[in-house]
Structure formats: C-alpha cells, structure tokens
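Residues per chain, in single letters:
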Amino acid sequence: MSDVWEECMDHGVAAARKAGEVVREALKHEGCMSVMLKSSPADLVTETDQKVESMIMSSIKEKFPTHSFIGEESVAAGESSILTDNPTWIIDPIDGTTNFVHRFPFVAVSIGFAVKKELEFGVVYSCMEDKMYTARKGKGAFCNGVQLKVSGQEDITKSLIITELGSNRNPDTVKRVLANMDRLLCVPVHGIRAVGTAAVNMCLVATGGADAYYEIGIHCWDMAAAAVIVTEAGGVVMDVTGGPFDLMSRRLITASSRAIGERIAKELQAFPCERDDGKKED
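Nothing here was measured: the structure is a model prediction, and the numbers come from that model.

Asks: Talk me through the overall build of the protein chain; I want residue IDs and the actual numbers.
Replies: If you tally the helices and strands in the protein chain, you get eight helices and 14 strands. Taking 19 Å as the expected radius of gyration for a compact globule of 282 residues, we find that the protein chain reaches 18 Å, a close match to that expectation. Over its C-alpha atoms, taken along the principal directions, the protein chain stretches across nearly 50 × 45 × 40 Å. Classification of the 282 residues of the protein chain by burial places 53% in the buried group.

Asks: Quick one: what's the story with the nonpolar core, residue by residue and with numbers?
Replies: Note that soluble globular proteins tend to have their nonpolar side chains buried in a common cluster. With 40 residues, the main nonpolar core has Ile-90, Leu-119, Val-124, Leu-148, Tyr-213, Ile-229 and Leu-247 as its most contacted residues. At the level of secondary structure, the elements contributing two or more residues to this core comprise strand 5 (108-115), strand 6 (118-126), strand 7 (131-136), strand 8 (141-143), helix 6 (198-207) and helix 7 (220-232). When residues no more than four places from it in sequence are discounted, the contact partners of Ile-90 are Ile-70, Leu-83, Ser-110, Ile-111, Gly-112, Ala-114, Leu-119, Cys-220, Trp-221, Ala-224 and Leu-247. Among the nonpolar cores identified, the runner-up in size contains 29 residues, and Cys-8, Val-52, Val-115 and Tyr-125 belong to it.

Asks: Could you give an account of the sheet that holds strand 13 (residues 236-238), with specific residues and numbers?
Replies: On the basis of which strands lie adjacent, the open sheet formed by five strands has the order 11-10-12-14-13 and mixed pairing. The strands lining the two open edges of the sheet, one partner per strand, are strand 11 (191-193) and strand 13. Adjacent strand axes in the sheet meet at a mean angle of 20°, parallel and antiparallel pairs treated alike. The pairing of strand 13 with strand 14 (residues 251-255) spans three bridges and is antiparallel. The residue bridging Val-237 from the neighbouring strand is Thr-254, located in strand 14.

Asks: Would you mind going over the packing of aromatic side chains in detail, with residue names and values included?
Replies: A full pass over the atoms with the stated rule returns six aromatic pairs. Relative to Phe-106, the ring of Phe-104 has its centre 5.7 Å away and its plane inclined at 55°; by these criteria the two rings are tilted. Among the residues examined, Phe-106 registers a relative accessible area of 26% and is labelled partly exposed. Geometrically, the ring pair formed by Phe-113 and Phe-121 is stacked, given 4.7 Å between the ring centres and 15° between the ring planes. Take Phe-113 and Phe-121: they sit in the same class, and that class is buried. We note Arg-17 situated over the ring of Tyr-125; from NZ or CZ to the ring centre the distance is 5.4 Å.

Each value, and the rule that gives it
- Residues numbered from 1 in each chain as written.
- Predicted model: local features only at pLDDT ≥ 70, side-chain atom pairs only at ≥ 80, totals over all residues.
- Heavy atoms only, no water.
- Helix = DSSP H or I, 4+ residues; strand = E, 2+ residues; numbered from the N terminus.
- Rg over C-alpha atoms; globule rule 2.2 N^0.38 Å.
- Buried < 20%, exposed > 50% of the residue type's maximum accessible area, 1.4 Å probe, protein only.
- Core = buried A, V, L, I, M, F, W, Y, C linked by side-chain atoms within 4.5 Å.
- Contact = heavy atoms within 4.5 Å.
- Pairing = 2+ DSSP bridges.
- Axes fitted to C-alpha atoms, helices over the stretch in contact; angles between N-to-C directions.
- Phe/Tyr/Trp six-rings, centres within 6.5 Å; stacked < 30°, edge-to-face > 60°.
- Lys NZ or Arg CZ within 6 Å of the ring centre and 35° of its normal.

Listed below in structure tokens is the structure:
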C-alpha cells in the first residue's frame, strides 16, 4: 500500500516551491505592490499573499478534494480556523509579509499538515534563500536534503534566542513584549534576534543556528509546519507557560532542549490573545 501522507508531503513541497517562484517574481517589480491593512497598521497583506494562497489551495484541492484547509488569508476573509480530525492543510502563503513589502530578504511559504488534530508533516520554503525545510513525523528534518539537528544547548546563559515584536501596536501589549525581552536579556543570554518570519525563526532553531524562539500573538499557520521541523530535528515545542504546545493557542516556545525552554517559560509573563479556534481560555 502506498504511503498517502508521503504523497501529500511531496505535493506540498512542489506547491511551496512553485509559490516561492511567484513570490520571487513579485519582488522584482518595484513600485507595483498593492499593500492593505488587516488587524493593525503593522499587520499587512498584499495581493501576492492572496494570489499565492489561492494557487496553493487550488493545486491541493485538485489532488486531494476531501481535505480541509486553514489558510491565513482565507481566515482574514471570514473562513473559520477550526481544526477537525479530517486531514487538514494549514497554510501561510507569505510568512513575513512586512519583510516582503520592504524587500527584507526573509520570506517563507509555510505548509503544515495535520491528521486527527496531530501534525504529520511540515514544509517551509525560505524563498529568497532558496532553502526548502521539510519534516515528517518520525522521519527526521531536512534542509535541501541535508538532515538537521538542534544545537542541544542546555545553558541559557550561552544561548542565542529569537523572538519578534509582533504587529500589535496596543501600548500595553508592546510594554509586555519589551518587558519579556528585558527579563531574558538580563538572565543574561548571549543575544536576542528577530528575523521577521515565525516559520524561519523556528527553522533556525532546527538548524542549530539559534537555541530558542518564543512568541505570543502568532497564529496556527505561522507555527504548524515548523513545529514538526523543530521536533524532528531533536528540539522541543511547548506553551509559554512550560505546558504542552497547543497549536490554536497563538503562542509557543521552541528550544534546543527542554532545560532552555522551561527556563524561558519561567521568565516570560504571558498576556491574553484570542485563540485561533475561538475557544475561551480556562
């Protein structure tokens, strides 16, 4: 019997690569980019985001018509983001839209796949770098075919951490984001970086280039694909409280070791953000 999920993953890789070509082509056309706002003046979307998501979904639906989808731009247009037991593709057509708008060279296509609410594989294509990150549950993580392994660092004082400032410009939220960074810097850690795309941030942990990444306020389509890549590279993914990772919670820590993940959780002060599935927090 053929491995149906492997067939799905191969299709996802092909779709991500084709989407990346569209993204790169769009970046060549100076002054032609139509930029719109979503939830805040810093939450951007372009026609290319919408075009790429539509292209990816159409390709997958043609091949796997019974599957479900959660896509960033579809949700922005009013679709639900409820994860069911049905095979589900979780898609961010351009992770790092602000980078894309400014031509800052870190932009990714992220395609995650879940079955019975469990993540099965992830594909992240860093378009400008031409790096294809892939992972399947139980089968390892790879970048352009080379197997990935996290750094294994367990001492937070020797760690390089990634986070983001996010797109929420509410002054109270900004203060909390900066306060969390302040607490971690004073642990102390070697440094804090921000690349501008959650999926690439997580993949950098998978490569061993960074030791941890955390963020509050991102979405399931930012995390789904790369969560598989990090765990298959030997890393851990957890909630910002140190508890189990919840894909719909809009927050996570991913780290090279449980020791570093739990140490970061100890320093962070979580703040509320509405879940992707609309459920109320306990």
